[in-house]
Amino acid sequence: MSKKPPHSNHCTVAFYNLENFFDAVNDPDTLDDDFTPKGFKKWTQRRFEKKSRKLAKAISRIGWDETHRPPVIVGVAEVENHQVIEWLLGQKPLSEWAYGFVHVDSPDERGIDTALLYDKGHFEVLEAEAIPLLIDNVNGERDLTRDILYVKGRLHGEKVHVFVNHWPSRRDGADETQYKRIEAAQVIINKIIDIDDEEANFIVMGDFNDDPNAPSIDLMMQTGKFINPWRKVLSPISGSANYKGKWSLFDQILLSHSFLNHQPGTHSFVKAAVFSPRLLKEWKGPYQGKPFRTFVGRKYLGGYSDHFPVYVIFKQH
């Protein structure tokens with residue numbers, strides 16, 4: 001893909017769950033043994049490098065049709081450490097663009113974190129912090145889950161506050177674990193209250209493990225600060241991930257109402273979409289049309305991820 005100048009004043013902000021983006025090195029401090037050469041997944045350096053190339057290709061194309069360039073901001077989930085991010089950004093065609101990243105190790109037992117990738121020519125980081133999500137399991141033990149990554153920066157000079165999330169899973173049941181995701185939403189709301197700026201631009205992105213109409217997302221909407229374009233995107237026949245034949249739209253990007261203005265020097269919301277080109281799909285068989293993932297169980301498929309990326313397009317005024 002050749003580098004071409006943008007044909008418009010549009011830019012892309014995206015989120016992508018990278019599905020277990022581990023290196024092949026055993027980390028004694030985390031439960032990453034499956035993703036080692038002798039582990040359950042037989043994860044090798046060669047497989048890691050192949051996945052890196054595929055993900056770099058996929059990320060570079062998100063929003064390309066609308067902007068003629070890769071995204072200016074990409075939140076990612078399920079990255080093991082800063083080394084895998086550096087390797088990813090070193091792959092073509094991402095290496096042809098000036099990407100930086102923000103990553104902080106979180107207490108997740110498996111060692112998977114969130115991170116923010118950004119084009120240095122379009123976004124400037126002012127400050128960043130990992131906001132801990134302190135919740136207990138039903139048995140009273142601490143749930144060692146992912147932190148919420150908070151980044152304050154300037155997008156083309158306009159100040160924005162970005163939250164990158166990977167909320168607690170539904171592994172023990174959607175209803176049984178709902179309280180954890182509601183608490184995650186409340187943590188973000190509390191941070192927004194602390195920021196105390198009526199004019200602030202907020203971007204809350206992530207794999208929320210909840211659809212757009214879930215109580216946790218509803219709690220965010222009840223603040224009156226957000227628009228959620230994903231309620232219109234949600235469909236029984238499509239989504240960002242598919243589990244046992246059922247589509248979900250756990251991957252979303254919530255935007256503050258400030259992105260509906262059109263004043264000079266600001267950004268306005270244009271569209272929201274799931275990025276699901278043929279490139280990222282299974283082409284045949286029982287999983288046809290679904291995300292072309294890296295593994296199904298222990299079977300190696302060599303695909304991209306079990307999630308499609310999601311993105312929004314902004315117009316710069």
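Keep in mind the model is a prediction, meaning the values are calculated, not measured.

**Description of the overall build of the protein chain**
And step 1. Scanning the protein chain for helices and strands turns up 6 helices and 16 strands.
And step 2. Computed over C-alpha atoms, the radius of gyration of the protein chain comes to 19 Å, within 12% of the 20 Å expected from 2.2 N^0.38 for 317 residues, which places it in the range of a compact globule.
And step 3. Along the three orthogonal principal directions, the C-alpha set of the protein chain runs to about 55 × 50 × 40 Å.
And step 4. By the burial criterion, 54% of the 317 residues in the protein chain qualify as buried.
And step 5. Of the contacts made within the protein chain by residues no fewer than 6 positions apart, 70% connect residues no fewer than 24 positions apart.
And step 6. In the form shown here, the protein chain has an accessible surface area of approximately 14,200 Å², with 49% of it arising from carbon and sulfur atoms.
And step 7. Charge-centre separation for the protein chain: the mean point of 41 positive side chains lies 11 Å from the mean point of 43 negative side chains.

**With respect to the sheet that holds strand 4 (residues 113-119)**
And step 1. Ordered in space as 3-4-2-1-16-13, the 6 strands form an open sheet in which the pairing is mixed. The sheet terminates laterally at strand 3 (99-103) and strand 13 (267-274), the two strands that pair on one side only. Recorded for the sheet is a direction-independent mean angle of 20° between the axes of neighbouring strands.
And step 2. Pairing analysis gives 6 bridges linking strand 1 (residues 10-21) to strand 2 (residues 73-79), with the strands arranged parallel. By the bridge assignment, Ala 14 is partnered in strand 2 with Val 74.
And step 3. Strands strand 1, strand 2 and strand 4 of the sheet are contacted by helix 1 (residues 45-61), whose axis makes an angle of about 160° with strand 1.
And step 4. Packing against the sheet, helix 3 (residues 82-89) makes contact with strand 1, strand 2, strand 3 and strand 4, and its axis sits at approximately 165° to strand 3.

**Here we look at the nonpolar core**
And step 1. Of all hydrophobic cores here, the largest spans 67 residues; its most connected members are Leu 88, Leu 116, Leu 117, Ile 203, Met 205, Ile 253 and Phe 314.
And step 2. With 7 residues, strand 1 is the largest single contributor of residues to this core.
And step 3. Of all hydrophobic cores here, the second largest spans 23 residues; its members include Ile 189, Val 204, Leu 219 and Met 221.

**Some words on the sheet that holds strand 12 (residues 251-256)**
And step 1. In space, the 6 strands of this open sheet follow the order 5-6-7-8-12-9, with mixed pairing throughout. The open sheet terminates on both sides in strands that have one partner only, identified here as strand 5 (123-131) and strand 9 (226-227).
And step 2. The strands that helix 4 (residues 174-195) touches are strand 5, strand 6 (148-155), strand 7 (158-166), strand 8 (202-207) and strand 9; relative to strand 7, the one it contacts most, it runs at about 160°.

**Re the pattern of salt bridges**
And step 1. Counting across every chain of the model gives 11 salt bridges.
And step 2. For Arg 231, the salt bridge identified is with Asp 218, shortest N-O distance 2.8 Å. Of this pair, Arg 231 sits in helix 6 (residues 230-233) while Asp 218 sits in helix 5 (residues 215-221), and the two are 13 residues apart along the sequence.
And step 3. Its relative accessible area of 34% is what places Arg 231 among the partly exposed residues.
And step 4. What makes Asp 218 partly exposed here is its relative accessible area of 28%.
And step 5. One salt-bridge network, held together by shared partners, links Arg 170, Arg 181 and Asp 210.

**Examining the UniProt feature "domain: Endonuclease/exonuclease/phosphatase" (unreviewed entry) in the protein chain**
And step 1. UniProt's entry tags residues 12-314 with the feature "domain: Endonuclease/exonuclease/phosphatase" (unreviewed entry), counted in the numbering of this structure.
And step 2. Counting secondary structure, residues 12-314 comes out at 20% helix and 30% strand; the distance between its end C-alpha atoms is 6 Å.

**With respect to the side chain of Lys 180**
And step 1. Relative to the helices and strands, Lys 180 is located in helix 4.
And step 2. On the accessibility criterion, Lys 180 (6% relative accessible area) is buried.
And step 3. Sequence-distant contacts of Lys 180, defined by excluding residues within four places in its chain, comprise Ile 135, Asp 136, Asn 137, Asp 143 and Pro 168.

**A few points about unusual backbone geometry**
And step 1. Here the bond from Lys 92 into Pro 93 is cis, since omega is 0°, no more than 30 degrees from zero.
And step 2. Of note, Pro 93 is situated in the loop between helix 3 and strand 3.
And step 3. One non-glycine residue with positive phi stands out, namely Glu 78, at about 65°.
And step 4. Position of Glu 78 relative to the elements: it lies in strand 2.
And step 5. With a phi close to 55°, Asn 209 is a non-glycine residue in the positive phi region.
And step 6. Examined against the element boundaries, Asn 209 turns out to sit in the loop between strand 8 and helix 5.
And step 7. A residue is classified by how much of its surface remains accessible, and Asn 209, at 10% relative accessible area, is buried.

**Some words on the packing of aromatic side chains**
And step 1. Evaluated as defined, the whole model comprises 14 aromatic pairs.
And step 2. A centroid spacing of 6.1 Å and a plane angle of 85° characterise the contact between Phe 35 and Phe 295, whose relative ring orientation is edge-to-face. Remark: Phe 295 occurs in strand 14 (residues 295-296) and Phe 35 occurs in the loop between strand 1 and helix 1; sequence separation between them is 260 residues.
And step 3. On the basis of relative accessible area, Phe 35 is assigned to the buried category, the value being 6%.

Here is what the cut-offs are and how they apply
Residues numbered from 1 in each chain as written. Predicted model: local features only at pLDDT ≥ 70, side-chain atom pairs only at ≥ 80, totals over all residues. Heavy atoms only, no water. Helix = DSSP H or I, 4+ residues; strand = E, 2+ residues; numbered from the N terminus. Rg over C-alpha atoms; globule rule 2.2 N^0.38 Å. Buried < 20%, exposed > 50% of the residue type's maximum accessible area, 1.4 Å probe, protein only. Contact = heavy atoms within 4.5 Å. Areas by Shrake-Rupley, 256 points an atom, 1.4 Å probe, with all protein chains shown as cover. Lys, Arg positive; Asp, Glu negative; His and termini not counted. Charge placed at Lys NZ, Arg CZ, Asp CG, Glu CD. Pairing = 2+ DSSP bridges. Axes fitted to C-alpha atoms, helices over the stretch in contact; angles between N-to-C directions. Core = buried A, V, L, I, M, F, W, Y, C linked by side-chain atoms within 4.5 Å. Salt bridge = Lys/Arg side-chain N within 4 Å of Asp/Glu carboxyl O. UniProt positions renumbered as here; feature names shortened; annotations may be inferred. Phe/Tyr/Trp six-rings, centres within 6.5 Å; stacked < 30°, edge-to-face > 60°.

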